[in-house]
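Chain residues, written in single-letter form:
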Amino acid sequence: MKTYCGTDIIEIERIRESIEKTGQPFIDRIFTPNEIRYCESKNNVKYQHYAARFAAKEAIFKAISKALDDKFSIGWKNVEILNDSNGRPNIKFIDINIEGLNGIDISISHCKTYATATVVAEMD
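Each chain has its residues counted from 1, running along the sequence as written. Per-residue local features are limited, in this predicted model, to residues with pLDDT of at least 70; the limit for side-chain atom pairs, both in listing and counting, is 80 or more; totals at the level of whole chains, interfaces and linings are taken over all residues. Hydrogen atoms and water are omitted, and side-chain values are computed over all heavy atoms in the structure.

We now examine the pattern of salt bridges. The working definition used for a salt bridge is a side-chain nitrogen of Lys or Arg within 4 Å of a carboxyl oxygen of Asp or Glu. All chains considered together, the criterion is met by six salt bridges. Where K62 meets D8, a salt bridge forms, and the shortest distance between an N and an O atom there is 3.0 Å. Linking K62 in helix α4 (residues 46–64) with D8 in strand β1 (residues 2–11), this pair joins segments that are 54 residues apart in sequence. Of the residues examined, D8 reaches a relative accessible area of 13% and is grouped as buried. The closest approach of N and O atoms between E13 and R16, which form a salt bridge, is 2.1 Å. Here the residue E13 and the residue R16 both occupy positions in helix α1 (residues 12–22), the gap between them amounting to three residues, near one helical turn. Helix and strand assignments come from DSSP, with helices taken as H or I runs of at least 4 residues and strands as E runs of at least 2, each series counted from the N terminus. Accessible area is worked out with a 1.4 Å probe on protein chains only. A residue is then buried under 20% of its type maximum, exposed over 50%, and partly exposed in between.

With that settled, consider the environment of T116. Secondary-structure assignment places T116 in strand β5 (residues 114–123). Take T116: its relative accessible area is 28%, and that puts it in the partly exposed class. Along the backbone, T116 and A55 are 61 residues apart, and their C-alpha atoms lie at a distance of 5.7 Å. The contact criterion used is simple: two residues touch if any of their non-hydrogen atoms lie within 4.5 Å. Once you skip the residues sitting within four places of it in the chain, T116 turns out to touch T7, D8, I9, A55, S107, I108 and S109. Whenever a nitrogen or oxygen atom comes within 3.5 Å of another N or O atom, the pair is scored as a polar contact, on the condition that within protein one atom can donate a hydrogen and the other can accept it, and that pairs from neighbouring residues in sequence are kept only if both atoms are in side chains. Here D8 takes part through its backbone oxygen, which lies 2.9 Å from a polar atom of the side chain of T116.

What follows deals with the packing of aromatic side chains. Any pair of Phe, Tyr and Trp rings, taking the six-membered ring for Trp, is counted once the centres come within 6.5 Å. Such a pair is stacked with planes under 30 degrees apart, edge-to-face with planes over 60 apart, and tilted for the rest. What the rule picks out here adds up to three aromatic pairs. On the basis of an interplanar angle of 55 degrees and a centroid distance of 4.9 Å, the ring pair of F31 and Y50 is categorised as tilted. Of this pair, F31 sits in the loop between α2 (24–30) and α3 (33–40) while Y50 sits in helix α4, placing them 19 residues apart in sequence. We note that F31, like Y50, is buried.

A word on the packing of α3 against α4. Axis definition: a line fit to C-alpha positions, over the contact stretch in the case of helices; interaxial angles, taken between N-to-C directions, run 0 to 180 degrees. Viewed as axis vectors pointing N to C, α3 and α4 meet at an angle of 145 degrees, and their least axial separation amounts to 8 Å. Contacts between α3 and α4 involve E35, I36, Y38, C39 and E40 on the former and, on the latter, K46, H49, Y50, R53 and K57. Residue type decides the class: Asp, Glu, Lys and Arg count as charged, Ala, Val, Leu, Ile, Met, Phe, Trp, Tyr, Cys and Pro as nonpolar, and the leftover types, Gly among them, as polar. A breakdown of the residues in the contact of α3 with α4 according to their chemical character gives four nonpolar, one polar and five charged.

Take the side chain of H49 next. The topology assignment puts H49 in helix α4. Here H49 is in contact with Y38, C39, K42 and H110, once residues within four sequence places are set aside.

Attention now goes to unusual backbone geometry. Positive phi outside glycine occurs at N43, with the angle close to 50 degrees. As for its position among the elements, N43 is in the loop between α3 and α4. Within the chain, D95 stands out as a residue other than glycine whose phi angle is a positive 55 degrees. Along the chain, D95 falls in the loop between β3 (89–93) and β4 (101–110).

Here a cavity denotes a set of grid points, spaced 1 Å apart and computed over the protein atoms alone, in which a 1.4 Å probe fits but from which it cannot get out, and a pocket denotes an open set meeting protein on both sides within 12 Å along at least five of seven lines; residues with an atom within 4 Å of a point are reported as lining. Grid points are joined across faces, edges and corners, and a volume is the space filled by probe spheres set on the points. Volume-wise, the largest pocket comes out at about 160 Å³. Taken together, E11, I12, E13, R16, N44, V45, K46, Y47, Q48, K112 and T113 form the lining of the largest pocket. At the level of secondary structure, the elements contributing two or more residues to the lining of the largest pocket comprise α1 and α4. Across the lining of the largest pocket, the residue classes tally to three nonpolar, three polar and five charged.

Geometry only, nothing functional implied.
Okay, structure coming up:
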């Protein structure tokens, strides 16, 4: 078994600008309905939560890239990031099976300016 890591950081302002410029089509292309409900529930800090999930998806793609035939074999909405009852983020894969993936863990964080995510994946 091997351990792979993925990390990503993004400026929250970039996500805010994309959402304000493109609107719902951008949101619907990147995020699942559950993620949208979660982020929208955060009102004045929703862009931090959208950005954190964007960074999380990028970090996941990097961590599992060895298991993918090509980078287009997984899409934005094949991955969902939701928090458990304790506020800890969890990864759910939707309509995709990652061959050889034995375990995956994520940590996300954000402040006023940046959102970041780190993912560790254990694969055969």
